[in-house]
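# Structural description and commentary
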Amino acid sequence: MTQIAPQPGIMDITLYQGGAATVAGLENVVKLSSNENPLGPSQAAIEAFRRASFTLHRYPSTDHAALRTAIAETHDIDADRIICGAGSDEIIAFLCQAYAGPDTEVLHTEHGFGMYRINALAAGATPVEVAERERVTDVDALLEGCSDKTRLVFMANPNNPTGTMIGASEIARLADGLPPKALLVLDGAYAEYVEGYDGGASLVDSRDNVVMTRTFSKIYGLGGLRIGWGYGPQHVLDVLNRVRGPFNVSQAALSAAEAAVRDTAYLEHCRAENARWRTWMADALAEIGVPSDVSCANFVLARMASAQDAEDCNAYLSSQGLLVRPVGSYKLPNCLRITVGDEASCRRVVHAIRQFKEGAADAASV
Ligand SMILES: *Cc1c(COP(=O)(O)O)cnc(C)c1O
């Protein structure tokens, strides 16, 4: 008997594991495992989502013109070279589908986002992991990792789960050094957390081999709606628009995102609150002997004494109803990624880690 088999590469995919959201037997858990905005979305976005409920029987816009115009106006970029997707994950998928395939390579950094590898394998391409230097993207290593098979080079700036970022001149050096058939994909999922940073938009405008991806899932607080976007040179947009389904994002998501991107005052409020509690949390952790790199995003990567220590600490936190993200699958087994929550959550998680360090976990287990 023959059985149908999937395309090569598919069975090599390890299922993506999202941040934990529940603890059996506990209510009121604090979720600091998925880098969500603890303040939620803009009120204007919620209103737009409500209004969209009156037209649920209508198909959504196919050209996303209203959202692309709102993005273009607020970011001062060209609306014709913006593409919207079901989360930036879908833009990553379009890029792999369009440019990668059998006998090509897709580069990603050592502690890079898991979806790069998954989408490369789904397209039949070979993912290539490139070493970082002490949890920071290494441009020289990426350039050395390129071959004539390289089609896409993915890097997030700031990066998840490290929280570190590299400067504009380094990124320009990377773009300029790529082989002619390769595109640099700058994942700007956390760009809004960095004041004055354009996520790489100006580099897109000055090159023909750079694409930027952005999301409404993080600072805009709309992860549940699945909406993100990409910005690139015209030749790339002409390709991606051919693989994009006509109704790939819902009208509710488009409308809420449009209202969210226009509410720049709320964005600034969220950025400031995040910066304040991120500094507080990193300092408080350092005081109790838990170091972290300076984070440019909405999480802190706490470095525990060992992989065992990280595992025990994670178990203790979850017994206290505090969910953080173990990052062993990102080759950081001794670390825990902790999303910057609101004030109460930040205080609770630091308090619990202090208790853990003082031996509360041992006491609880006897
Ligand atoms: C969260 C995140 C995204 C966003 O994914 P969406 O599909 O837009 O929700 C993209 N890249 C990185 C590095 C992320 O951490």
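What counts, and at which threshold
Residues numbered from 1 in each chain as written. Predicted model: local features only at pLDDT ≥ 70, side-chain atom pairs only at ≥ 80, totals over all residues. Pairing = 2+ DSSP bridges. Helix = DSSP H or I, 4+ residues; strand = E, 2+ residues; numbered from the N terminus. Right-handed = clockwise from strand over helix to strand, strands pointing away. Buried ≥ 20, exposed ≤ 12 C-beta atoms within 10 Å, placed from the backbone. Contact = placed C-beta atoms within 7 Å. Domains from an automatic or database assignment. Axes fitted to C-alpha atoms, helices over the stretch in contact; angles between N-to-C directions. UniProt positions renumbered as here; feature names shortened; annotations may be inferred. Left-handed = near helix turned anticlockwise from the far one by under 90°. Nonpolar A, V, L, I, M, F, W, Y, C, P; charged D, E, K, R; others polar. Near = placed C-beta within 6 Å. Core = buried A, V, L, I, M, F, W, Y, C linked by C-beta atoms within 7 Å. Parallel < 35°, antiparallel > 145°, perpendicular 65-115°, else oblique. Expected span 1.5 Å × (residues − 1).

Turning to the pairing of strand β4 (residues 126–130), a few remarks are in order. Where a strand is regular, its side chains alternate between the two sheet faces. Where strand β3 (residues 105–109) and β4 come together, 5 bridges link them in parallel fashion. In the sheet register, V106 faces β4, and the bridge partner there is P127. Taking the sense of rotation as the criterion, the β-α-β connection linking β3, helix α4 (residues 114–122) and β4 turns out right-handed.

The subject of this paragraph is the environment of A201. Positionally, A201 belongs in helix α7 (residues 201–206). On the basis of neighbour count, A201 is assigned to the buried category, with 20 C-beta atoms found within 10 Å. Through-space distance from the C-alpha of A201 to that of I77 is 7.5 Å; in sequence the pair is 124 residues apart. In this structure A201 touches H75, I77, M212 and Y231, once residues within four positions along its chain are discounted.

What follows covers the domain arrangement of the protein chain. Taken domain by domain, the protein chain consists of domain 1 (19–40 + 265–360) and domain 2 (43–262). Relative to domain 2, the C-alpha centre of domain 1 lies at a distance of 26 Å. Between domain 1 and domain 2, the residue contacts involve 23 residues of the former and 20 residues of the latter. Among the secondary structure elements, those contributing two or more residues to the side of domain 1 that touches domain 2 are α10 (264–287), β9 (299–303) and β12 (332–339). Among the elements that make up the side of domain 1 that touches domain 2, the one with the highest residue count is α10 (4 residues).

Another aspect to go through is the sheet that holds strand β2 (residues 82–85). Strand-to-strand pairing in sheets goes through backbone hydrogen bonds, with the strands running parallel or antiparallel. As summarised here, the arrangement of the 7 strands in space is β2-β8-β7-β6-β5-β3-β4, forming an open sheet in which the pairing is mixed. The strands lining the two open edges of the sheet, one partner per strand, are β2 and β4. Strand-to-strand, the axes of this sheet are offset by a mean angle of 20°, without reference to chain direction. Docked against the sheet, helix α8 (residues 234–243) engages β2, β6 (183–187), β7 (210–215) and β8 (228–231), running at close to 30° with respect to β2.

Our next topic: the UniProt feature "domain: Aminotransferase class I/classII large" (unreviewed entry) in the protein chain. With numbering aligned to this structure, UniProt lists the feature "domain: Aminotransferase class I/classII large" (unreviewed entry) at residues 28–353. Secondary structure over residues 28–353 splits into 41% helix and 17% strand, and the C-alpha atoms at its two ends are 18 Å apart.

Further remarks concern the packing of helix α3 (residues 88–99) against α4. The contact between α3 and α4 brings their axes to 9 Å, and the two run at 40°. When the axes of α3 and α4 are compared, the crossing they make is right-handed. Between α3, through D89, I92, A93 and C96, and α4, the contact on the second element is made entirely by M115, Y116, N119, A120 and A122. For the contact of α3 with α4, the class distribution of residues is 7 nonpolar, 1 polar and 1 charged.

Attention shifts here to the site of the ligand. Close to the ligand lie 14 residues, the nearest being G87, D89, N160, T215 and S217. Among the residues making up the shell around the ligand, the classes are represented as 3 nonpolar, 8 polar and 3 charged.

Grouped together as the largest cluster of nonpolar side chains are 105 residues, with contacts concentrated most on C96, L152, V153, A256, A257 and V349. Looking at this core element by element, the count peaks at 7 residues for helix α9 (residues 251–262). Split by domain, the residues of this core number at least three in each of domain 1 (19–40 + 265–360) and domain 2 (43–262). Excluding anything up to four places from it in sequence, C96 contacts V106, N119, A120, A122, A123, A125 and L152.

Let us now look at the packing of α10 against helix α12 (residues 343–357). The relative placement of two packed helices is expressed as an angle between their axes plus a distance between the axes. Running from N to C, α10 and α12 cross one another at 10°; their axes reach a closest spacing of 10 Å. Taken together, the axis directions place α10 and α12 in an arrangement best described as roughly parallel. Between α10 and α12, the contacting residues are W277, W280, M281, A284 and L285 on the first element and E343, C346, V350 and I353 on the second. Among the residues making up the contact of α10 with α12, the classes are represented as 8 nonpolar, no polar and 1 charged.

Below, the discussion takes up the sheet that holds strand β11 (residues 325–327). Strands sit in the order β9-β12-β11 across an open sheet of 3 strands; the sheet is antiparallel. The strands lining the two open edges of the sheet, one partner per strand, are β9 and β11. Going across the sheet, the axis of each strand differs from the next one's by a mean of 30°, ignoring polarity. Both β9 and β12 contribute to a ladder of 5 bridges, which runs antiparallel. Along β12, the bridge assignment pairs L301 with R337.

Once that is clear, we can look at the UniProt feature "modified residue: N6-(pyridoxal phosphate)lysine" (unreviewed entry) in the protein chain. Mapped onto this numbering, the UniProt entry annotates "modified residue: N6-(pyridoxal phosphate)lysine" (unreviewed entry) at K218. By the element assignment, K218 lies in the loop between β7 and β8. Residue class for K218 comes out buried when judged on the 28 C-beta atoms lying within 10 Å of it.

The end-to-end C-alpha distance of helix α11 (residues 307–319), which contains 13 residues, comes to 18 Å, matching closely the 18 Å that a straight helix rising 1.5 Å per residue would cover. Three or more residues of α11 are buried, namely A310, C313, N314, Y316, L317 and S318.

Extensive coverage of β7 is indicated by the burial of 6 of its 6 residues. Where burial is concerned, the two faces of β7 agree: the one with V210, M212 and R214 and the one with V211, T213 and T215 are both buried. Examined bridge by bridge, β6 and β7 share 4 bridges and lie parallel to one another. Across the sheet, the residue bridging to L186 is M212, located in β7. Viewed along the sheet, the connection from β6 through α7 into β7 turns out right-handed. One ladder, built from 4 bridges, connects β7 with β8; its direction is antiparallel. Bridge pairing in β8 links R214 to W229.

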